[in-house]
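Geometric and topological summary
In case you want the letters, here they are:
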Amino acid sequence: MPMLIEHIQKLLNRITSTISQPTIAVPGIAVTIREGNQPPRTLVSGVSSVQTNSPVTSENLFEIGSTTKTYTATLILQLEQQQKIRVGNTLTNIINRCLPNKYVDQLKNLITKFPFLGKISIRQLLTHTSGLKEYETTKAYTDVWAFDRFYEWSMVELISIAAAENQGQQTFHYSDTN
């Protein structure tokens, strides 16, 4: 494993050393490696802020954005393969079985306020055909963002502002709301 760790560290250093190239903008990176029962090893390279030139540490948090969609879709399809859920199920069908209790009442309230939400299927969320508007383009979101970029939105708030401006179309439209 030490040779693998060394090789990965060299790759990370090479990636972050190319930040002056306009096509590659990776100022900093952190990778955690786990193998068997060994304690995890975190490798870091580059800076966490190009303004302050602060080095990346194992404590830095990184936004991974839409990368999570792939993992989520994979897990959902595995659950379907195990016959634990069906992608054709609507949110109303799965809300009690698949969500942590702290969200159930909040989402039921949203479905009461916006009944079309309860008819959206898992398939529609996975394929971006739910009709939900991209929350980042709503007036409610942009008004708050203009005032406080670092406002921490709850999941329920984001769904609510997207639902309030429901497009009603169920054709493909890429949306982080899904």
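Attention in this report is confined to the structure presented alongside it. (Residues numbered from 1 in each chain as written. Predicted model: local features only at pLDDT ≥ 70, side-chain atom pairs only at ≥ 80, totals over all residues. Heavy atoms only, no water.)

**Re the sheet that holds strand 1 (residues 28-33)**
With antiparallel pairing, 3 strands are arranged side by side in an open sheet as 1-2-3. In this open sheet, the two strands that pair with only one neighbour each are strand 1 and strand 3 (54-55). In this sheet, strand 3 lies alongside strand 2 (residues 41-49) in antiparallel orientation, the contact comprising 2 bridges. Across the sheet, the residue bridging to Ser49 is Ser54, located in strand 3. Across the face of the sheet, helix 1 (residues 2-16) comes into contact with strand 1 and strand 2 while running at roughly 10 degrees to strand 2. (Pairing = 2+ DSSP bridges. Helix = DSSP H or I, 4+ residues; strand = E, 2+ residues; numbered from the N terminus. Contact = heavy atoms within 4.5 Å. Axes fitted to C-alpha atoms, helices over the stretch in contact; angles between N-to-C directions.)

**Section: the nonpolar core**
The biggest cluster of nonpolar side chains holds 11 residues, and these are Ile95, Leu107, Leu110, Ile111, Phe114, Leu117, Ile120, Leu132, Val156, Ile159 and Ala163. Going through the elements one at a time, helix 4 (101-113) and helix 7 (155-164) are the ones with two or more residues in this core. When residues no more than four places from it in sequence are discounted, the contact partners of Ala163 are Phe114, Phe116, Leu117 and Leu132. Counting 6 residues, the second largest nonpolar core, distinct from the first, contains Ile5, Ile29, Ile33 and Leu43. (Core = buried A, V, L, I, M, F, W, Y, C linked by side-chain atoms within 4.5 Å. Buried < 20%, exposed > 50% of the residue type's maximum accessible area, 1.4 Å probe, protein only.)

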